[in-house]
Amino acid sequence: MSAENLITSAIIKRYSEKLASNLDLDVAFVGAGPSALVAARDLAAAGFKTAIFEKSLAPGGGIWGGGMLFNEAVVQDNALPSLSSFGITTEPVAGAEGYYTLDSVEMASGLIFGALRAGARIFNSVSVEDIIFKNAKVNGLVINWTMVKRQGMPVDPLTVVAEIVVDATGHPSEILKFASEKAQVKLDTATGGIVGEKPMWVDNGELETVENTREYYPGLFACGMSATNASGGYRMGPIFGGMLLSGQKVAVQIAEKLRAN
Ligand code: 48F
(Lines give C-alpha, C1' and ligand atoms only; values in the text may rest on other atoms or scores of the structure.)
Protein backbone atom coordinates (compact mmCIF):
# COMPACT_ATOMS: atom_id res chain seq x y z
CA MET A 1 0.00 0.00 0.00
CA SER A 2 1.27 3.53 -0.75
CA ALA A 3 2.22 5.72 2.22
CA GLU A 4 -0.63 8.03 1.22
CA ASN A 5 -3.27 5.32 1.43
CA LEU A 6 -1.71 3.71 4.47
CA ILE A 7 -2.29 6.98 6.35
CA THR A 8 -5.79 7.35 4.93
CA SER A 9 -6.89 3.81 5.72
CA ALA A 10 -5.35 3.94 9.23
CA ILE A 11 -7.37 7.08 10.04
CA ILE A 12 -10.61 5.75 8.58
CA LYS A 13 -10.23 2.40 10.38
CA ARG A 14 -9.30 3.87 13.78
CA TYR A 15 -12.00 6.54 13.71
CA SER A 16 -14.64 4.03 12.65
CA GLU A 17 -13.58 1.68 15.45
CA LYS A 18 -13.66 4.53 17.96
CA LEU A 19 -17.12 5.67 16.93
CA ALA A 20 -18.52 2.14 16.64
CA SER A 21 -17.29 1.25 20.13
CA ASN A 22 -19.01 4.35 21.56
CA LEU A 23 -22.49 3.84 20.12
CA ASP A 24 -23.77 2.33 23.35
CA LEU A 25 -22.75 4.45 26.30
CA ASP A 26 -23.35 4.71 30.00
CA VAL A 27 -23.06 8.50 29.77
CA ALA A 28 -23.18 10.82 26.75
CA PHE A 29 -22.26 14.46 27.32
CA VAL A 30 -23.29 17.16 24.87
CA GLY A 31 -20.70 19.93 24.90
CA ALA A 32 -17.08 19.83 26.05
CA GLY A 33 -16.94 22.85 28.34
CA PRO A 34 -15.35 22.80 31.82
CA SER A 35 -18.26 21.17 33.65
CA ALA A 36 -18.50 18.29 31.16
CA LEU A 37 -14.75 17.70 31.04
CA VAL A 38 -14.53 17.36 34.84
CA ALA A 39 -17.60 15.12 35.00
CA ALA A 40 -16.49 12.94 32.07
CA ARG A 41 -13.06 12.48 33.64
CA ASP A 42 -14.60 11.42 36.98
CA LEU A 43 -17.11 9.02 35.38
CA ALA A 44 -14.57 7.45 33.03
CA ALA A 45 -12.14 7.04 35.94
CA ALA A 46 -14.93 5.27 37.86
CA GLY A 47 -15.27 2.78 34.99
CA PHE A 48 -18.36 4.13 33.20
CA LYS A 49 -18.35 4.21 29.41
CA THR A 50 -18.36 7.93 28.73
CA ALA A 51 -18.14 10.10 25.63
CA ILE A 52 -18.52 13.79 24.86
CA PHE A 53 -19.98 15.13 21.60
CA GLU A 54 -18.76 18.65 20.84
CA LYS A 55 -19.88 20.73 17.91
CA SER A 56 -16.72 22.86 17.68
CA LEU A 57 -13.40 21.75 16.26
CA ALA A 58 -11.72 22.49 19.62
CA PRO A 59 -13.19 21.08 22.85
CA GLY A 60 -13.02 23.43 25.85
CA GLY A 61 -16.09 25.60 25.35
CA GLY A 62 -15.83 28.99 27.01
CA ILE A 63 -12.52 28.33 28.73
CA TRP A 64 -10.06 29.36 26.01
CA GLY A 65 -11.01 33.03 25.83
CA GLY A 66 -10.80 33.72 29.59
CA GLY A 67 -12.53 37.07 30.06
CA MET A 68 -13.06 39.11 26.88
CA LEU A 69 -10.20 37.21 25.18
CA PHE A 70 -7.72 38.01 27.99
CA ASN A 71 -6.68 34.38 28.33
CA GLU A 72 -6.73 34.20 32.13
CA ALA A 73 -9.56 32.80 34.25
CA VAL A 74 -10.43 33.12 37.94
CA VAL A 75 -11.39 30.40 40.42
CA GLN A 76 -12.16 30.28 44.11
CA ASP A 77 -10.22 28.16 46.60
CA ASN A 78 -12.92 25.43 46.71
CA ALA A 79 -12.04 24.55 43.09
CA LEU A 80 -8.31 24.10 43.72
CA PRO A 81 -8.44 20.36 44.55
CA SER A 82 -10.22 19.67 41.26
CA LEU A 83 -7.71 21.70 39.23
CA SER A 84 -4.68 20.21 40.93
CA SER A 85 -6.04 16.69 40.30
CA PHE A 86 -5.62 17.56 36.60
CA GLY A 87 -2.13 19.01 37.23
CA ILE A 88 -3.35 22.55 36.43
CA THR A 89 -1.56 25.36 38.25
CA THR A 90 -3.07 28.50 39.81
CA GLU A 91 -1.77 31.74 41.34
CA PRO A 92 -3.31 33.58 44.28
CA VAL A 93 -4.75 37.02 43.53
CA ALA A 94 -2.87 39.52 45.70
CA GLY A 95 -5.18 41.20 48.21
CA ALA A 96 -8.19 38.98 47.40
CA GLU A 97 -8.18 36.04 49.77
CA GLY A 98 -9.64 32.85 48.32
CA TYR A 99 -9.35 33.92 44.66
CA TYR A 100 -6.84 32.54 42.17
CA THR A 101 -6.01 33.12 38.49
CA LEU A 102 -5.00 30.50 35.97
CA ASP A 103 -3.95 30.48 32.34
CA SER A 104 -7.06 29.58 30.36
CA VAL A 105 -5.08 27.72 27.68
CA GLU A 106 -3.51 25.55 30.40
CA MET A 107 -6.93 25.04 31.94
CA ALA A 108 -8.61 24.01 28.68
CA SER A 109 -5.83 21.72 27.52
CA GLY A 110 -5.36 20.24 30.99
CA LEU A 111 -9.05 19.38 31.41
CA ILE A 112 -9.26 17.91 27.90
CA PHE A 113 -6.16 15.79 28.40
CA GLY A 114 -7.32 14.65 31.82
CA ALA A 115 -10.70 13.52 30.50
CA LEU A 116 -9.09 11.61 27.62
CA ARG A 117 -6.45 10.05 29.85
CA ALA A 118 -9.15 8.75 32.19
CA GLY A 119 -10.77 6.97 29.24
CA ALA A 120 -13.52 9.37 28.15
CA ARG A 121 -13.73 9.80 24.37
CA ILE A 122 -14.34 13.16 22.73
CA PHE A 123 -15.98 13.44 19.31
CA ASN A 124 -15.35 16.96 18.10
CA SER A 125 -16.99 18.71 15.14
CA VAL A 126 -20.10 16.62 15.87
CA SER A 127 -23.35 18.47 16.60
CA VAL A 128 -26.20 16.97 18.56
CA GLU A 129 -29.34 17.86 16.67
CA ASP A 130 -31.97 15.88 18.59
CA ILE A 131 -32.54 13.29 21.33
CA ILE A 132 -33.78 9.70 21.16
CA PHE A 133 -36.94 9.67 23.26
CA LYS A 134 -38.66 6.36 24.07
CA ASN A 135 -41.05 5.20 26.78
CA ALA A 136 -40.97 8.57 28.60
CA LYS A 137 -37.18 8.51 28.89
CA VAL A 138 -34.29 10.15 27.09
CA ASN A 139 -32.39 7.25 25.52
CA GLY A 140 -29.60 8.87 23.52
CA LEU A 141 -28.52 11.41 20.94
CA VAL A 142 -29.06 12.19 17.29
CA ILE A 143 -25.76 13.39 15.81
CA ASN A 144 -24.49 14.93 12.61
CA TRP A 145 -21.32 16.61 11.37
CA THR A 146 -21.25 20.26 12.37
CA MET A 147 -20.33 21.19 8.79
CA VAL A 148 -23.48 19.47 7.54
CA LYS A 149 -25.55 21.53 9.98
CA ARG A 150 -23.73 24.78 9.17
CA GLN A 151 -24.16 24.31 5.43
CA GLY A 152 -27.80 23.35 5.89
CA MET A 153 -27.20 20.19 3.86
CA PRO A 154 -30.14 17.78 3.65
CA VAL A 155 -28.23 14.86 5.21
CA ASP A 156 -29.82 12.48 7.68
CA PRO A 157 -28.12 12.04 11.07
CA LEU A 158 -26.86 8.97 12.95
CA THR A 159 -27.55 7.97 16.56
CA VAL A 160 -25.83 7.13 19.83
CA VAL A 161 -27.63 5.27 22.61
CA ALA A 162 -26.90 6.24 26.23
CA GLU A 163 -28.27 5.30 29.63
CA ILE A 164 -27.73 8.92 30.72
CA VAL A 165 -27.54 12.07 28.60
CA VAL A 166 -26.00 15.22 30.06
CA ASP A 167 -26.83 18.67 28.70
CA ALA A 168 -23.53 20.53 29.06
CA THR A 169 -24.23 22.89 26.16
CA GLY A 170 -23.73 26.03 28.27
CA HIS A 171 -25.98 29.08 27.99
CA PRO A 172 -28.54 27.71 25.47
CA SER A 173 -29.45 24.42 27.28
CA GLU A 174 -29.96 22.93 23.83
CA ILE A 175 -30.73 19.37 24.90
CA LEU A 176 -33.20 20.33 27.63
CA LYS A 177 -34.89 22.44 24.95
CA PHE A 178 -35.30 19.36 22.72
CA ALA A 179 -36.92 17.54 25.66
CA SER A 180 -39.17 20.46 26.58
CA GLU A 181 -40.15 21.64 23.10
CA LYS A 182 -39.92 18.57 20.86
CA ALA A 183 -40.72 15.75 23.31
CA GLN A 184 -43.06 18.20 25.12
CA VAL A 185 -42.23 16.90 28.58
CA LYS A 186 -42.14 18.77 31.88
CA LEU A 187 -38.66 19.41 33.19
CA ASP A 188 -37.81 19.56 36.89
CA THR A 189 -37.89 23.38 37.02
CA ALA A 190 -40.20 25.96 38.60
CA THR A 191 -42.14 26.36 35.34
CA GLY A 192 -41.69 22.87 33.88
CA GLY A 193 -39.79 24.49 31.01
CA ILE A 194 -36.53 26.40 30.67
CA VAL A 195 -36.74 29.38 33.01
CA GLY A 196 -33.89 31.35 31.40
CA GLU A 197 -30.68 32.79 32.78
CA LYS A 198 -30.76 36.04 34.79
CA PRO A 199 -28.21 38.90 34.44
CA MET A 200 -24.84 38.83 36.18
CA TRP A 201 -24.49 38.36 39.94
CA VAL A 202 -21.23 36.51 40.45
CA ASP A 203 -21.48 35.02 43.95
CA ASN A 204 -25.08 33.98 43.55
CA GLY A 205 -24.53 32.59 40.06
CA GLU A 206 -21.65 30.46 41.25
CA LEU A 207 -23.68 28.90 44.07
CA GLU A 208 -26.78 28.39 41.92
CA THR A 209 -24.85 26.63 39.17
CA VAL A 210 -23.92 23.90 41.62
CA GLU A 211 -27.35 23.86 43.32
CA ASN A 212 -29.13 23.55 39.96
CA THR A 213 -27.00 20.64 38.77
CA ARG A 214 -29.37 17.65 38.69
CA GLU A 215 -31.53 15.27 36.68
CA TYR A 216 -34.16 17.39 34.89
CA TYR A 217 -36.03 14.52 33.30
CA PRO A 218 -35.54 10.74 33.50
CA GLY A 219 -32.23 10.01 31.78
CA LEU A 220 -31.41 13.70 31.25
CA PHE A 221 -29.09 15.69 33.54
CA ALA A 222 -27.73 19.22 33.15
CA CYS A 223 -24.54 20.75 34.49
CA GLY A 224 -22.69 24.07 34.20
CA MET A 225 -24.35 27.05 32.54
CA SER A 226 -27.01 24.83 31.05
CA ALA A 227 -28.28 24.08 34.57
CA THR A 228 -28.15 27.79 35.44
CA ASN A 229 -30.16 28.69 32.34
CA ALA A 230 -32.68 25.90 32.89
CA SER A 231 -33.42 26.93 36.47
CA GLY A 232 -33.18 30.71 36.05
CA GLY A 233 -29.94 31.32 37.95
CA TYR A 234 -27.69 34.37 37.62
CA ARG A 235 -24.77 34.40 35.17
CA MET A 236 -21.27 34.81 36.55
CA GLY A 237 -18.74 35.53 33.77
CA PRO A 238 -15.14 34.28 33.69
CA ILE A 239 -15.01 32.70 37.14
CA PHE A 240 -14.99 28.92 36.79
CA GLY A 241 -15.15 27.38 40.27
CA GLY A 242 -18.89 26.74 40.00
CA MET A 243 -18.43 25.00 36.65
CA LEU A 244 -15.80 22.61 38.04
CA LEU A 245 -17.87 21.84 41.15
CA SER A 246 -20.98 21.35 39.00
CA GLY A 247 -19.05 18.79 36.95
CA GLN A 248 -17.98 16.96 40.10
CA LYS A 249 -21.53 16.99 41.44
CA VAL A 250 -23.19 15.67 38.28
CA ALA A 251 -20.62 12.86 38.11
CA VAL A 252 -21.51 11.77 41.65
CA GLN A 253 -25.26 11.95 40.93
CA ILE A 254 -24.89 9.92 37.72
CA ALA A 255 -22.62 7.31 39.28
CA GLU A 256 -25.16 6.82 42.08
CA LYS A 257 -28.00 6.41 39.61
CA LEU A 258 -26.12 3.99 37.36
CA ARG A 259 -25.00 1.89 40.32
CA ALA A 260 -28.58 1.73 41.63
CA ASN A 261 -29.90 0.40 38.27
O1 48F B 1 -20.42 26.96 27.69
P2 48F B 1 -19.40 25.91 27.92
O3 48F B 1 -18.00 26.32 28.18
O4 48F B 1 -19.93 24.91 29.08
P5 48F B 1 -20.01 25.03 30.67
O6 48F B 1 -19.35 23.83 31.24
O7 48F B 1 -19.08 26.28 31.05
C8 48F B 1 -19.50 27.61 30.96
C9 48F B 1 -18.27 28.49 30.94
O10 48F B 1 -17.38 28.17 29.91
C11 48F B 1 -18.57 29.98 30.83
C12 48F B 1 -19.00 30.56 32.12
C13 48F B 1 -18.00 30.51 33.22
O14 48F B 1 -18.50 30.94 34.37
O15 48F B 1 -20.07 31.04 32.23
O16 48F B 1 -19.52 30.23 29.82
O17 48F B 1 -21.39 25.33 31.05
O18 48F B 1 -19.36 24.89 26.71
C19 48F B 1 -20.52 24.39 26.10
C20 48F B 1 -20.07 23.58 24.89
O21 48F B 1 -21.20 22.95 24.33
C22 48F B 1 -21.03 22.93 22.92
C23 48F B 1 -20.40 24.29 22.61
O24 48F B 1 -19.75 24.31 21.36
C25 48F B 1 -19.46 24.44 23.78
O26 48F B 1 -18.17 23.96 23.49
N27 48F B 1 -22.35 22.71 22.32
C28 48F B 1 -23.43 23.54 22.40
N29 48F B 1 -24.46 23.01 21.73
C30 48F B 1 -24.04 21.82 21.22
C31 48F B 1 -22.70 21.63 21.59
C32 48F B 1 -24.66 20.80 20.41
N33 48F B 1 -25.92 20.90 20.01
N34 48F B 1 -23.92 19.72 20.05
C35 48F B 1 -22.63 19.60 20.48
N36 48F B 1 -22.01 20.54 21.22
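The structure this text deals with has already been given above.
Here the residue numbers are simple positions, counted from 1 along each chain's written sequence. Owing to the predicted nature of the model, reporting of local features is limited to residues with pLDDT of at least 70; listing and counting of side-chain atom pairs is limited to 80 or more, with chain, interface and lining totals taken over all residues. Excluding hydrogens and water, the side-chain figures rest on all heavy atoms present in the structure.

Novice: Help me understand helix 8 (residues 224-231) in this model?
Specialist: Owing to its 3.6 residues per turn, the α-helix brings residues three or four apart onto one side. Each residue gets one of three labels from its accessible area relative to the maximum for its type: buried under 20%, exposed over 50%, partly exposed in between, using a 1.4 Å probe on protein chains only. Helix and strand labels come from DSSP, where a helix needs a run of H or I of at least four residues and a strand needs a run of E of at least two; each type is numbered from the N terminus. Of all eight residues in helix 8, eight are buried; the element is thus mostly enclosed. Within helix 8, burial applies to Gly224, Met225, Ser226, Ala227, Thr228, Asn229, Ala230 and Ser231. Phi for Gly232, located one or two positions after helix 8, is positive at around 80°.

Novice: Honestly, the packing of aromatic side chains in this entry has me stumped. Any pointers?
Specialist: The way to describe two aromatic rings as a pair is by their centre distance and the angle between their planes. Two aromatic rings, drawn from Phe, Tyr or Trp (for Trp, its six-membered ring), form a pair once their centres lie within 6.5 Å of each other, and the interplanar angle then sorts them: stacked below 30 degrees, edge-to-face above 60, tilted otherwise. Using the criterion set out here, one finds five aromatic pairs in the structure. Plain terms: the ring middles of Phe53 and Phe123 are 5.3 Å apart, the flat faces sit at 10° to each other, and that makes the pair stacked. With a gap of 70 residues between them, Phe53 in strand 2 (residues 50-54) and Phe123 in strand 6 (residues 121-124) connect regions that are remote in the sequence. Looking at Phe123, the relative accessible area reads 1%, which means it is buried. Through pairs of rings, three or more aromatic residues link up here, namely Tyr15, Phe53, Phe123 and Trp145. Ring-over charges, as used throughout, are those where CZ of Arg or NZ of Lys falls within 6 Å of the ring centre and within 35 degrees of the ring normal. A cation over a ring is seen here: Arg41 above Phe86, with NZ or CZ 3.9 Å from the ring centre. For Lys198, the ring lying beneath its charged end belongs to Tyr234, and the centroid distance is 5.1 Å.

Novice: It is not clear to me how the sheet that holds strand 5 (residues 99-103) should be interpreted in this structure. Could you clarify?
Specialist: What holds strands together in a sheet is hydrogen bonding between their backbones, with the strands either parallel or antiparallel. Paired strands, as defined in this entry, are two strands with at least two bridges between them according to DSSP. Read from one edge of the open sheet, three strands run 3-5-4, paired in antiparallel fashion. Looking at the sheet topology across the chains shown, the edges are occupied by strand 3 (72-76) and strand 4 (91-92). Across five bridges, strand 3 lies against strand 5 in antiparallel orientation. Considered in strand 5, the bridge of Val75 is made with Tyr100. Contacts are assigned to residue pairs that have any heavy atoms within 4.5 Å of one another. Orientation is described by axes fitted as lines to C-alpha atoms, over the contacting stretch for helices, and by angles from 0 to 180 degrees between their N-to-C directions. Packed on one face of the sheet, helix 4 (residues 104-117) meets strand 3 and strand 5 and runs near 75° to strand 5.

Novice: Explain the nonpolar core to me, please; I cannot follow it from the model alone.
Specialist: In summary, soluble globular proteins display a tendency toward joint burial of nonpolar side chains. In this structure, Phe29, Leu37, Leu111 and Ile254 are the most contacted members of the largest nonpolar core, which totals 44 residues. Put simply, the parts of the chain that give this core at least two residues each are strand 1 (24-30), helix 2 (34-45), strand 3, strand 5, helix 4, strand 9 (158-167) and helix 9 (241-260). If we ignore the near neighbours within four places in the chain, the residues touching Leu111 are Pro34, Leu37, Val38, Ile63, Phe86, Ile88 and Leu244. For this analysis, a nonpolar core means a set of buried residues of the types Ala, Val, Leu, Ile, Met, Phe, Trp, Tyr and Cys, connected via side-chain atoms within 4.5 Å. Residues Leu19, Ile131, Ile175 and Ala222 belong to the second largest nonpolar core, which totals 28 residues.

Novice: What should I look at first to understand the packing of helix 2 against helix 9 in this one?
Specialist: Geometry of a packed helix pair, given as the angle between the helix axes and the separation of the axes. Here helix 2 crosses helix 9 at 40°, and the two axes come no closer than 7 Å. When the axis of helix 2 is compared with that of helix 9, the two are oblique. As for how helix 2 packs across helix 9, the hand of that crossing is right-handed. Every residue of helix 9 that contacts helix 2 at Pro34, Ser35, Val38, Ala39, Asp42 and Leu43 is listed here: Met243, Leu244, Ser246, Gly247, Gln248, Val250, Ala251, Ile254 and Ala255. Per-class residue counts for the contact of helix 2 with helix 9 are 10 nonpolar, four polar and one charged. By definition in this entry, angles of less than 35 degrees are roughly parallel, angles greater than 145 are roughly antiparallel, angles of 65 to 115 are roughly perpendicular, and the rest are oblique. Handedness of a crossing follows from how the near helix is turned relative to the far one, being left-handed for an anticlockwise turn of less than a right angle and right-handed for a clockwise one. Residue type decides the class: Asp, Glu, Lys and Arg count as charged, Ala, Val, Leu, Ile, Met, Phe, Trp, Tyr, Cys and Pro as nonpolar, and the leftover types, Gly among them, as polar.

Novice: Can you help me understand the pairing of strand 11 (residues 214-217) in this one?
Specialist: By the bridge criterion, three bridges tie strand 11 to strand 12 (residues 220-222) in an arrangement that is antiparallel. By the bridge assignment, Arg214 is partnered in strand 12 with Ala222. Between strand 11 and strand 12, which pair antiparallel and follow one another directly, the connecting turn spans two residues, one of which, Gly219, has a positive phi of 85°.

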